[in-house]
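# Report on the structure
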Amino acid sequence: MTLEPAREPEQTSPVIGPRTRSQATSETSSLRSGPRRSARLSSTSASSSVEPPERPASRTRRYEPYIRSASDEDIVSNGGISRRGRPKYLKAFEDAGFEAISWKKDRKRLAKEFAPLTQLAKDIPHDLHDRLNSLSLSARQAGNMQVLIFEAEIRANTAEDEPYAPPIQIVNEVDDELTPPLEFYYSNLMWHGEGVPKPDYENLRGCDCIGPCDPMSKTCACVKRQRKYWDSGGGGGFIYDKKGKLRAHEYPIFECNMNCACSDDCMNRVVQHGRQHEIAICKTVNKGWGVFAGTKKIPANSYIGLYAGEYLTDSETEQRGRIYNKFGRTYLFDLDFWFLKQGGYENARYCVDAYHAGNFTRYLNHSCDPNCVINACYINEANLEKPLLTIFTCRDVEPYEELCFSYFGQPDDEDDDVGKQKIDDAVYVTCQCGAANCRGTMWK
């Protein structure tokens, strides 16, 4: 082996790339998570022990000290950049037909222009499942193809909204069914059915906080909105703690939204960052497919996932419900939370259906002693009648334990004649949760 003489390090430009939350938290994480912005003049000058040669005195530029004026302070307060040459460049841009904008002054307009596209139920894709279902069973079994495609679809369809979520595995140690039925499009998005209004961005109000929101703030619009429905008793205005755990169930959650000026690491942004815990979709002995915790314990009050699907009108819900009840499976969830009734919305106008589109949460089974609770959540939606259905644990969940919630809703909503219903529809089967307090039935 021939050793070459050491070379002087070359001066290179800093690598500029998209910044992620993991890059912002640790200097060493940049080696693992990809490129990051840098304020250094080069990627080697900071670590090199060789000082760069001094420039000749005749070529050295001299700068006069610059003191920011009152007009510059006004510019900065509106989100602009304070520079002496700014008016010159600003005039040039204006003469060319460009408009000077700032995030502080124009963020609501910018957020509206770049708002998420409204997904319509009529556009739910189904070509992949049609092709797979047209194949013979032996073809879908070859090389474990159906399972691999199912898991790949999950990764592909959720890569944008939860890129750091642990992968979901499909496990069946009970029978020879390859995967859950190929009957729905896997998605974390909400799809709007006919007659359902689009998200209300016009009345969506954001906060003006700089950096992460302060839960003790008296001016933060998001703190004020949360306090209307939940009073912490002096422990801060947000319903999340600093670790992103829910402090109280059964109350609506109002997260910071696209109109907010606060940073991405604000403690009031939890659901929008996606699933963080490992789960698996597993076949059970007597309850069909279910959702189970992964190899690690899931702490109490942790966010699990969003009950995604279609927003439907009440009339469409009634029609689908009659059909679903006959063949014994329903994924309908009424949006009839208590705070809506108290706010003047007596009857639920909309429902979420996870039959044609949804995610792993559609396989959450019922339990009379659940370890999960569904809470209403609002992010980029000002219409209170269209909350997101978010699932949080209500106690510690052990590794490999099944995740369940109660199809009944909250205990104080129960009727006195629960367990006495005798209905012929196939969906009304005996409860198989096995809990000590099992009622014997899953539905009211």
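So, about the overall build of the chain. When its secondary structure is counted, the chain shows eleven helices and 16 strands. When each of the 444 residues of the chain is scored for burial, the buried share is 41%. When contacts within the chain are restricted to residue pairs at least 6 apart in sequence, those whose partners lie at least 24 apart make up 69%. As displayed, the chain offers around 26600 Å² of accessible surface, 51% of which is attributable to carbon and sulfur atoms.

Here we come to the packing of helix H6 (residues 127-134) against helix H8 (residues 145-158). When two helices pack together, you describe them by how their axes are tilted relative to each other and by the distance separating the axes. H8 packs onto H6 with a crossing angle of 175 degrees between their chain directions and a minimal axis gap of 12 Å. As far as their axial angle goes, H8 and H6 are roughly antiparallel. Where H6 approaches H8, its residues Leu128, His129 and Leu132 are matched on the opposing element by Met145, Ile149 and Glu153. Grouping the constituent residues of the contact of H6 with H8 by class yields four nonpolar, one polar and one charged.

Here we come to the layout of surface pockets. Roughly 1600 Å³ of volume is contained in the second largest pocket. Together, 50 residues line the second largest pocket, and Pro116, Asp161, Leu189, Gln272 and Asn380 are the ones closest to its centre. Put simply, the parts of the chain that give the lining of the second largest pocket at least two residues each are helix H5 (103-113), H8, strand S4 (190-192) and strand S8 (303-306). Residue classes in the lining of the second largest pocket are distributed as 27 nonpolar, 14 polar and nine charged.

Moving on, we get to the side chain of Ser217. Here Ser217 lies in the loop between S4 and helix H9 (221-227). Residue Ser217 is classed as buried on the basis of its relative accessible area, which comes to 13%. Of note is the side chain of Ser217, whose polar atom sits 3.0 Å from the backbone nitrogen of Cys220. Aside from chain neighbours lying at most four places away, what touches Ser217 is Val223 and Arg227.

Sheet architecture is open: five strands sit in the order S1-S4-S9-S11-S10, paired in mixed fashion. Strands at the two margins of the open sheet, each flanked by one partner only, are strand S1 (119-120) and strand S10 (332-334). Contacting strand S9 (309-313), S10 and strand S11 (350-353), helix H10 (residues 314-327) runs over the sheet at an angle of about 115 degrees to S9.

Bringing the pairing of strand S6 (residues 279-283) into the picture now. Most of S6 sits inside the fold, with five of its five residues counted as buried. The alternating pattern of S6 places Ile279, Ile281 and Lys283 and Ala280 and Cys282 on opposite faces, both of which are buried. Here S6 pairs with strand S7 (residues 289-293) via five bridges, running antiparallel. The partner of Ala280 across the bridge, within S7, is Phe292. From the end of S6 to the start of S7, which pair antiparallel, there are five residues, and Gly288 there has a positive phi angle of about 70 degrees.

With that settled, consider the nonpolar core. Core analysis: the biggest nonpolar cluster contains 60 residues, and Tyr240, Tyr307, Phe360, Leu389 and Leu403 have the highest contact counts within it. Here the element with the most residues in this core is strand S14 (residues 372-378); it accounts for five residues.

You can see Gly434 is positioned in the segment after strand S16 (402-405). Looking at Gly434, the relative accessible area reads 70%, which means it is exposed. Taking the C-alpha atoms as reference points, Gly434 and Ser367, separated by 67 residues in sequence, lie 8.0 Å from one another.

Calculation rules
- Residues numbered from 1 in each chain as written.
- Predicted model: local features only at pLDDT ≥ 70, side-chain atom pairs only at ≥ 80, totals over all residues.
- Heavy atoms only, no water.
- Helix = DSSP H or I, 4+ residues; strand = E, 2+ residues; numbered from the N terminus.
- Buried < 20%, exposed > 50% of the residue type's maximum accessible area, 1.4 Å probe, protein only.
- Contact = heavy atoms within 4.5 Å.
- Areas by Shrake-Rupley, 256 points an atom, 1.4 Å probe, with all protein chains shown as cover.
- Axes fitted to C-alpha atoms, helices over the stretch in contact; angles between N-to-C directions.
- Parallel < 35°, antiparallel > 145°, perpendicular 65-115°, else oblique.
- Nonpolar A, V, L, I, M, F, W, Y, C, P; charged D, E, K, R; others polar.
- 1 Å grid on protein atoms, 1.4 Å probe; cavity = no way out; pocket = protein on both sides within 12 Å on 5 of 7 lines; lining within 4 Å.
- Points joined across faces, edges and corners; volume = space filled by probe spheres on them.
- Polar contact = N/O pair within 3.5 Å; in protein donor to acceptor, adjacent residues only side chain to side chain.
- Pairing = 2+ DSSP bridges.
- Core = buried A, V, L, I, M, F, W, Y, C linked by side-chain atoms within 4.5 Å.

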